Amino acid sequence: VCEAGAGERVLWPALRARGWRAIDDVIVSHHDADHAGGLNSLLRRLPVQRLWSALGPLASVTRPAGLPFAPCVAGQGWERDGVVFRFTHPPAQPPRASEPSASSDTVGRRQQRAGNGDSCVLQIEGWWHSAVLAGDIGKQEERWLVHQAPTPLARADVVLVAHHGSRTSSSAPFVKAVNAQHAIVQAGWLSQFGHPHAEVVERWRAAGVRVHNTAEQGALMATSSADGLKVLSTRHQNRRYWNDWQPFEQAISLARAPATTVFDKETTPDDH
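What counts, and where the lines are drawn
Residues numbered from 1 in each chain as written. Predicted model: local features only at pLDDT ≥ 70, side-chain atom pairs only at ≥ 80, totals over all residues. Heavy atoms only, no water. Core = buried A, V, L, I, M, F, W, Y, C linked by side-chain atoms within 4.5 Å. Buried < 20%, exposed > 50% of the residue type's maximum accessible area, 1.4 Å probe, protein only. Helix = DSSP H or I, 4+ residues; strand = E, 2+ residues; numbered from the N terminus. Contact = heavy atoms within 4.5 Å. Disulfide = S-S within 2.5 Å. pLDDT = per-residue confidence, 0-100. Pairing = 2+ DSSP bridges. Phe/Tyr/Trp six-rings, centres within 6.5 Å; stacked < 30°, edge-to-face > 60°. Lys NZ or Arg CZ within 6 Å of the ring centre and 35° of its normal.

K.L.:
Which residues make up the nonpolar core, and what are the values?
P.N.:
Among the nonpolar cores identified, the biggest contains 26 residues, and Leu145, Val159, Phe174, Val178 and Trp204 are the most heavily contacted of them. Mapped by element, the contributors of at least two residues to this core are helix H5 (139–147), helix H6 (172–178), strand E9 (182–185) and helix H7 (198–206). Excluding residues within four positions of it along the chain, phenylalanine 174 makes contact with Glu142, Leu145, Val146, Leu153, Val159 and Trp204. In terms of nonpolar packing, the next biggest core, distinct from the first, is built from 14 residues, Leu15, Leu39, Leu43 and Val61 among them.

See the structure below:
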């Protein structure tokens, strides 16, 4: 779920254009504004049957009366139309402060709000293909998923790259375990954080994974069918002249060219 304002301006119009009039389940990976910020406007627009998030309800969200809430916990899941949805993170019992993988700051943060490391991770098993939505987990959580999770992390055809392609995620063991065909990075154009990090992109590509970036390709949609798996880019499917970089590059080249090259061979600047 996108940031405040974008839920109203972007997410709701996109769902309405696709004919959505209600939502069965809304999953907010964690409480940060870039994941939960647009939820209020979405809940005002569409009826929702169930809301999921890490830990407790989001303090910033006005939940409609009667809307059930459930914290996502590894092992929980449901099935709809032959598609299986299963949470693989966070663990039912958070790490204790005495454990090497946890610090007192981590435990304290868990008691207050759900941050990056508490993100819900959702595994989707479809009829023909599978996907992993990794939220904003980091290498520590990836390590837990690969080596300690009660439900082993299954391979996936599509993975939503953790933490927008941050250097703190997409560890080599995780990339190997997921064994994906496509990796989708949700990143903003000219992100101040430099997402996705070049090392992360190269790590996925070195594993033979095709990397897609919303900052470059716009909205992306993965479509699974018996005919195969397709990852489609809205920007390329519905091209407009302002999406074409070639005229822009030509204009830049012309602007940088020596001034005399814009005149006819038989004239000089003084003739004009």
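K.L.:
Break down the state of the cysteines for me, citing the residues and quoting the values.
P.N.:
Within this structure, the stated rule accounts for 1 disulfide. A sulfur-sulfur separation of 1.8 Å characterises the disulfide bridge that pairs cysteine 72 with cysteine 120. The sign of the S-S torsion, about -70°, decides the handedness of the disulfide formed by cysteine 72 and cysteine 120: left-handed. Linking cysteine 72 in the loop between strand E3 (69–71) and strand E4 (77–80) with cysteine 120 in the loop between helix H4 (104–112) and strand E6 (121–125), this pair joins segments that are 48 residues apart in sequence. Under the relative-accessibility criterion, cysteine 72 is labelled buried at 1%. For cysteine 120, a relative accessible area of 4% translates into the label buried.

K.L.:
Residues and numbers for the confidence of the model for the chain, please.
P.N.:
Low pLDDT means the predicted atomic positions in that stretch should not be read closely. Here the chain averages 78 in pLDDT, while 74% of its residues score no lower than 70. Note on residues 96–112: pLDDT under 50 across the span, and 17 contacts to partners over four residues away in sequence or across chains. Considering only residues more than four positions removed or in separate chains, one finds that residues 259–272, a stretch of pLDDT under 50, has 5 contacts.

K.L.:
Run through the pairing of E4, naming residues and quoting values.
P.N.:
Across 4 bridges, the pairing between E4 and strand E5 (residues 83–89) is antiparallel. The residue of E5 that forms the bridge with tryptophan 78 is phenylalanine 85. Hairpin geometry of E4 and E5 is characterised by an intervening segment of 2 residues between the two adjacent antiparallel strands and by a positive phi of about 55° at aspartate 81.

K.L.:
Residue-level account of the packing of aromatic side chains, with values.
P.N.:
One pass over the full model with this rule turns up 5 aromatic pairs. Measuring from ring centre to ring centre gives 5.1 Å for tryptophan 52 and phenylalanine 87, while their planes differ by 55°; the resulting arrangement is tilted. Here tryptophan 52, found in strand E2 (residues 48–53), pairs with phenylalanine 87, found in strand E5; they are 35 residues apart in sequence, far enough to count as distant. The class for tryptophan 52 is buried, based on a relative accessible area of 5%. Judged by relative accessible area, which is 0%, phenylalanine 87 ranks as buried. Judged by centre distance (5.4 Å) and plane angle (75°), the rings of tryptophan 127 and tryptophan 128 are edge-to-face. Judged by relative accessible area, which is 60%, tryptophan 127 ranks as exposed. The structure contains a cluster of three or more aromatic residues connected by ring pairs, namely Trp52, Trp78, Phe85 and Phe87. When the ring centre of tryptophan 78 is taken as reference, the NZ or CZ atom of arginine 50 above it lies at 5.1 Å.

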